[in-house]
Amino acid sequence: MNKNWWHTYGLGEFCLRCSRLGEIVMKFHERDVSASLTNVASAALGDMFSATLFNRGMTNDEVRRENLGILIDLAGGVGKFASLLGVSGSQVSQWKNASPDSKTGKPRSMQDATARRIETIFHKPRGWMDQQHGTLLAEAHETLNSPSDDEYALIAQYTAKGACGAAHHNGHVEVRGGLAFKRDWLARMGLRPQDLSVIAACGESMSPTIQSDEVLLVDHSQVLPVDGKVFALERDDELVVKRLVRDFSGSWIVRSDNPDKARYGDFPVSDSDLRIVGRVVWRGGGL
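Everything numeric in this text was worked out from a predicted model, so none of it was measured.

1. Description of the packing of helix 5 (residues 78-85) against helix 7 (residues 112-121)
For step 1, the next point in the chain: As a packed pair, helix 5 and helix 7 sit with axes 10 Å apart at the nearest point and diverge in direction by 100°. When the axes of helix 5 and helix 7 are compared, the pair comes out roughly perpendicular. Between helix 5 and helix 7, the residues in contact are Phe81, Leu84 and Leu85 and Thr114, Arg117, Ile118 and Ile121, respectively.
For step 2, the next point in the chain: Residue classes in the contact of helix 5 with helix 7 are distributed as 5 nonpolar, 1 polar and 1 charged.

Listed below in structure tokens is the structure:
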């Protein structure tokens, strides 16, 4: 606990503000900490006091890294955690290990939006990632249930990569597990599990919309071109991910979102040469 807090406010002032938790706070002061105390105090005190009570002087980034480690263990490893979140394993490892940014040299930190997404996926209350829980809560949540078939659909994840740059030759393609999506979300999106597959992006031509190594959810039932939408296309026996745009003449343009047109130029394609594998409908967020 941050002793400066007690020096500044005093135990009496704290109990005055939180009188109905006086007994619990005294137990905490005596180091009688439990998972139930963490839950009750967090709900009652809110963000202002919970960070002081439970983070013990740690920075917010340090707390998030500690909690990330708890959830990675619960998920069964970095790979499974990354699949649930829809990001690469290397990205998760960079968060966990505070790897330095190549441009700034500062440790990579988790964005607020990412922390909130993690809380939603693991059914945690808002702000859970910003409060220290340590091994007590890790033990309390060891019984975390795996996603049920009734609630989640497991979509096959393939080793194939959709080129966002130079065409990528996939060669032999295998299924390497799956990514779990909530069935009610798929229904709201008008998607059917049997029509879907997960692939990975490769290259920078679709940046900033799609980054290399991000996972993509492809709906193979959507094979008719739609102006402005992103599709997985077959081109010269290769798989590419591009945006389709109608030009003034009614022809289709295969467009890269990257503004560097010297490297990632757009090109026209005739209707007869347009071979759509499916529409990209998700990459960690709706497209």
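Back to the text.
2. Description of the pairing of strand 3 (residues 196-202)
For step 1, the next point in the chain: Of all 7 residues in strand 3, 6 are buried, a share of seventy percent or more.
For step 2, the next point in the chain: Examined bridge by bridge, strand 3 and strand 4 (residues 215-219) share 5 bridges and lie antiparallel to one another. In the sheet register, Leu196 faces strand 4, and the bridge partner there is Asp219.

3. Some points on the confidence of the model for the chain
For step 1, the next point in the chain: Overall, the prediction assigns the chain a mean pLDDT of 74, with 67% of residues at 70 or greater.
For step 2, the next point in the chain: Predicted confidence for residues 165-175 stays below pLDDT 50, and this span has 27 contacts to residues more than four positions away or in other chains.

4. Side note on unusual backbone geometry
Most peptide bonds are trans, and most residues other than glycine sit at a negative phi.
For step 1, the next point in the chain: Omega for the bond connecting Ser207 with Pro208 falls within 30 degrees of zero, at 10°, which places this linkage in the cis form.
For step 2, the next point in the chain: The backbone of Ala98 sits at a positive phi, close to 55°, despite the residue not being glycine.
For step 3, the next point in the chain: With respect to the element layout, Ala98 can be found in the loop between helix 6 (89-97) and helix 7.
For step 4, the next point in the chain: Not every positive phi belongs to a glycine, and Asp213 is a case in point at roughly 80°.

5. Section: the packing of aromatic side chains
For step 1, the next point in the chain: Applying the stated criterion to the full structure yields 3 aromatic pairs.
For step 2, the next point in the chain: With 5.4 Å between their ring centres and 20° between their planes, Phe81 and Phe122 make a pair best called stacked. Taken together, the residues Phe81 in helix 5 and Phe122 in the loop between helix 7 and helix 8 (134-140) connect sequence positions 41 residues apart.
For step 3, the next point in the chain: On the basis of relative accessible area, Phe122 is assigned to the buried category, the value being 6%.
For step 4, the next point in the chain: Arranged with centres 5.8 Å apart and planes meeting at 20°, the rings of Phe181 and Trp185 form a pair that is stacked.
For step 5, the next point in the chain: What links up through ring pairs into an aromatic cluster is the set Phe181, Trp185 and Trp282.
For step 6, the next point in the chain: Its end group placed over the ring of Phe267, Arg235 keeps NZ or CZ at 4.1 Å from the ring centre.

Rules and cut-offs
Residues numbered from 1 in each chain as written. Predicted model: local features only at pLDDT ≥ 70, side-chain atom pairs only at ≥ 80, totals over all residues. Heavy atoms only, no water. Axes fitted to C-alpha atoms, helices over the stretch in contact; angles between N-to-C directions. Helix = DSSP H or I, 4+ residues; strand = E, 2+ residues; numbered from the N terminus. Parallel < 35°, antiparallel > 145°, perpendicular 65-115°, else oblique. Contact = heavy atoms within 4.5 Å. Nonpolar A, V, L, I, M, F, W, Y, C, P; charged D, E, K, R; others polar. Buried < 20%, exposed > 50% of the residue type's maximum accessible area, 1.4 Å probe, protein only. Pairing = 2+ DSSP bridges. pLDDT = per-residue confidence, 0-100. Phe/Tyr/Trp six-rings, centres within 6.5 Å; stacked < 30°, edge-to-face > 60°. Lys NZ or Arg CZ within 6 Å of the ring centre and 35° of its normal.

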